[in-house]
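# Remarks on the overall topology
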Amino acid sequence: MEVKIMTPSCIAGANGYPTFSRSENTAPSRVGAIWRTITGSFRCVSGTANDTVLPDNQRHSATPSTDLKVRDVKGTSLSPLDLPGTGDHAKAFKEVVRRIKTDQQSLIMEKVNAVTPFQLHQMAQCCRKPETITIEHQSFLKSDTFAYAALRAFREKKISRNEFATLVTLQGVYLEGVQDINSFRIVHHKLFDDNGEVNKYAWDFIACSLTRSEMFFNGCSFDVNAIIKKMERLLKNAPQVEAGFWICNYPASLDKNEGQLTMRKALLSNDFFVLFSAFGGVICPSMTLRQAFIDSFCLKEAHKINPVIGISTPEDIRAGSLKGHRDMEIPFPGHPLPKTADHLSVRLILEFIAHDFYHALRASMLRNTDIHLIVAVADVVRKIKMAFQNEYIKEKQDFQQKKACFESSISTYPQEQQDKKIEDWQKYETSVNNRLDYLRDTRIALGQFAFNLDDLETHRRKWRIHLHDYDRELFKHHLSNILVQLNRSAGKTWRKLLSENDAGIVGQCIIPMIIGRLSHPQDFYSDFCWEIDREANLYPNEDLSETQKKEYVARGKKLIEPLNPSVKLDQSQWPTFLKEAMKGDKKMTHSKLRA
């Protein structure tokens, strides 16, 4: 029996026009795949998610509940930019702007209200003739008013969400590029001519970007000509600004700092050129063009691109994974895109958006049924994390109370006793701090582990699940993926990793969840042990120290210990606070492990 835990390489990593609906139960399909050997919190800020809406304007949302049927996020009071009502358009608009802070929304609303009828007319002209935007409407494009006019036009249903996202992205790209006006060039290309016929010259750019990506899709059914034909049909009736793209040529200095791994280098070195790079230029596609590729390649499992202003929280990512969409952050005045993603430097707006686009594509290469199980496993990991977090808070508060008591009472003792009591206190304080460090680091490690799962950073781009041995193949893929997420980015300074014992606790909780109808999961134990030993010495783990490699192996083998038929499963090694937190969890059943 062959078991391979393929560790990904270093990168990851809408309201569209005619698209396919997602299927809740389809035959085995593509898998999403490589983004970070370096993961961690994904552009995370604190925030409360409001009611959300899918890019196809269906009503869905999500909560941290482990019940995958419960997906509503509780709304907050009406924000300044919110549209009143509960219609599809109001929900779609709110989803785009809800991540903007309330005080910033008030300022934006003032500027939106200041947009004139003439500026809205200009915006309409830009949408009808996108090839003129960077030429005839250059002054308008350079002003902040362009973005506010686009937002007002979207708010008033004069343009779609995709058109809004395309326009503000174009403005951001243009303003970024013209800082070096002598070297930057940008040209628009229509996908169809004025008679509605295919513009072969423009489609050659698309074909080039797909053909150069064929190695990335190795193992998938990736027929460039067939995909382009489907894209042509989907885009035939799209609005003019959506039925095209811009080609940007940047100065040669873009490739300076050759020793630094940037997002752009990571993407291209992994053969990901899709709608990003062709014939030496950088592609700035419309939002609908991006969606058309995902729909044409991934069909029923295609995720919808969800353009948003502001930073997405881990809860947004989790919710999108369940609901079949992926957030794509777009630039807007006062809300520039981050300069790093997945711990890689990002120099261009189009690099960052390509990173988000990659995540949308990767998620689309998974089946819904597998996504639901991955997120359910992440929810259990998150539940363990909350137990550690609550214990950390409790013990820290208890220590602070004892410290205050000690400080207030130490002076009441005779001098000869004070030195001894201070010495004893310092030993106690060191012990407590070590304990708090352990609880905090374990909480962080569990949070990173859960996020890696939610982010659908699977171990392979394509899961080859053979129908004649379906249950065994599916179990192998899920456990291999869990092991990759457990040890991902080992050796990175920002990455926290579980202790061997805590990995064993997590394994007892989550391995029963992925067994499915498998009769004898213990059969896999020796194969996975061999594979863990092998992976510890392969890229990207080859630079780990010998101690780190030993910890890597011990952590992985402890997690799969429930598969070891010679080990008795119990909770004797569990801390009391965790036993209480996990009491009654219906997912924790070991019956099949000992069948």
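## Some details on the overall build of the protein chain
- Looking only at helices and strands, the protein chain has 19 helices and eight strands in total.
- Put simply, the protein chain has 595 residues, and 58% of those count as buried.
- Of the accessible surface of the protein chain, which amounts to about 25,200 Å², a share of 50% is contributed by carbon and sulfur atoms.

## Looking at the packing of aromatic side chains
- A full pass over the atoms with the stated rule returns 30 aromatic pairs.
- Ring plane angle 50° and centroid distance 6.3 Å describe the contact between F164 and F332, whose orientation is recorded as tilted. Of this pair, F164 sits in helix α6 (residues 161–177) while F332 sits in the loop between β6 (325–329) and β7 (340–341), and the two are 168 residues apart along the sequence. The two residues F164 and F332 agree in class, both being buried.
- Members of the aromatic cluster, connected to one another through ring pairs, are F216, F217, F222, F272, F293, F297, F357 and Y358.
- One residue, K421, lies across the ring of Y413, its end atom 4.5 Å from the ring centre.
- The ring of Y392 is capped by R443, whose NZ or CZ atom sits 5.2 Å from the centre of that ring.

## Observations concerning the sheet that holds strand β3 (residues 277–278)
- Overall, antiparallel pairing links the four strands, which are arranged β1-β2-β4-β3 in an open sheet. At either margin of the open sheet sits one strand with a lone partner, and together these are β1 (185–190) and β3.
- As paired strands, strand β2 (residues 244–249) and strand β4 (residues 281–285) are joined by four bridges and run antiparallel to one another. Counted as the bridge partner of I247 is I283 from β4.
- Taken strand by strand, α6 contacts β1, β2 and β4, and its axis lies near 10° from that of β2.

## A few points about unusual backbone geometry
- Cis rather than trans, the peptide bond between Y539 and P540 has omega equal to 5°.
- Locating P540 in the fold gives a position in the loop between α17 (525–535) and α18 (546–559).
- You will see that L275, though not glycine, has its phi angle at about 50°, which is positive.
- Among the secondary structure elements, L275 is positioned in the loop between α9 (263–269) and β3.
- For L275, a relative accessible area of 1% gives the class buried.
- Of note, the phi angle at S489 is positive, near 65°, even though the residue is not glycine.
- Topologically, S489 is positioned in the loop between α15 (470–487) and α16 (500–510).

## Re the pairing of β4
- Counting buried residues along β4, five of its five residues qualify, which places the element largely inside the surrounding structure.
- The alternating pattern of β4 places G281, I283 and P285 and V282 and C284 on opposite faces, both of which are buried.
- Note that β3 and β4 share two bridges and pair antiparallel. Each residue of the ladder has a partner; that of A278, found in β4, is G281.

## Remarks on the nonpolar core
- Among the nonpolar cores identified, the biggest contains 105 residues, and L151, F164, F217, F293 and F297 are the most heavily contacted of them.
- With nine residues, helix α12 (residues 349–364) is the single largest residue contributor to this core.
- In this structure, L151 is in contact with L81, F93, V97, I108, V112, F164 and F332, ignoring residues within four places of it in sequence.
- V381, F406, A450 and L453 belong to the second-largest nonpolar core, a separate cluster that totals 65 residues.

## Examining the pairing of β2
- With five of six residues buried, β2 lies mostly within the body of the structure.
- Note that β1 and β2 share six bridges and pair antiparallel. Counted as the bridge partner of V187 is I247 from β2.

## Here's the deal with the pattern of salt bridges
- The tally for this structure, following the rule as stated, stands at 38 salt bridges.
- Between K190 and D194 there is a salt bridge, and its shortest N-O distance comes to 2.9 Å.
- A relative accessible area of 28% means that K190 is categorised as partly exposed.
- On the basis of relative accessibility, which here comes to 69%, the residue D194 falls in the exposed class.
- Salt bridges here are not isolated pairs; linked through shared partners, they connect E95, R98, R99, D316 and D327.

## Quick look at the confidence of the model for the protein chain
- Overall, the prediction assigns the protein chain a mean pLDDT of 86, with 84% of residues at 70 or greater.
- Residue range residues 6–76 is modelled with pLDDT below 50. Its contacts to residues more than four positions away, or to other chains, number 289 contacts.

Each value, and the rule that gives it
- Residues numbered from 1 in each chain as written.
- Predicted model: local features only at pLDDT ≥ 70, side-chain atom pairs only at ≥ 80, totals over all residues.
- Heavy atoms only, no water.
- Helix = DSSP H or I, 4+ residues; strand = E, 2+ residues; numbered from the N terminus.
- Buried < 20%, exposed > 50% of the residue type's maximum accessible area, 1.4 Å probe, protein only.
- Areas by Shrake-Rupley, 256 points an atom, 1.4 Å probe, with all protein chains shown as cover.
- Phe/Tyr/Trp six-rings, centres within 6.5 Å; stacked < 30°, edge-to-face > 60°.
- Lys NZ or Arg CZ within 6 Å of the ring centre and 35° of its normal.
- Pairing = 2+ DSSP bridges.
- Contact = heavy atoms within 4.5 Å.
- Axes fitted to C-alpha atoms, helices over the stretch in contact; angles between N-to-C directions.
- Core = buried A, V, L, I, M, F, W, Y, C linked by side-chain atoms within 4.5 Å.
- Salt bridge = Lys/Arg side-chain N within 4 Å of Asp/Glu carboxyl O.
- pLDDT = per-residue confidence, 0-100.

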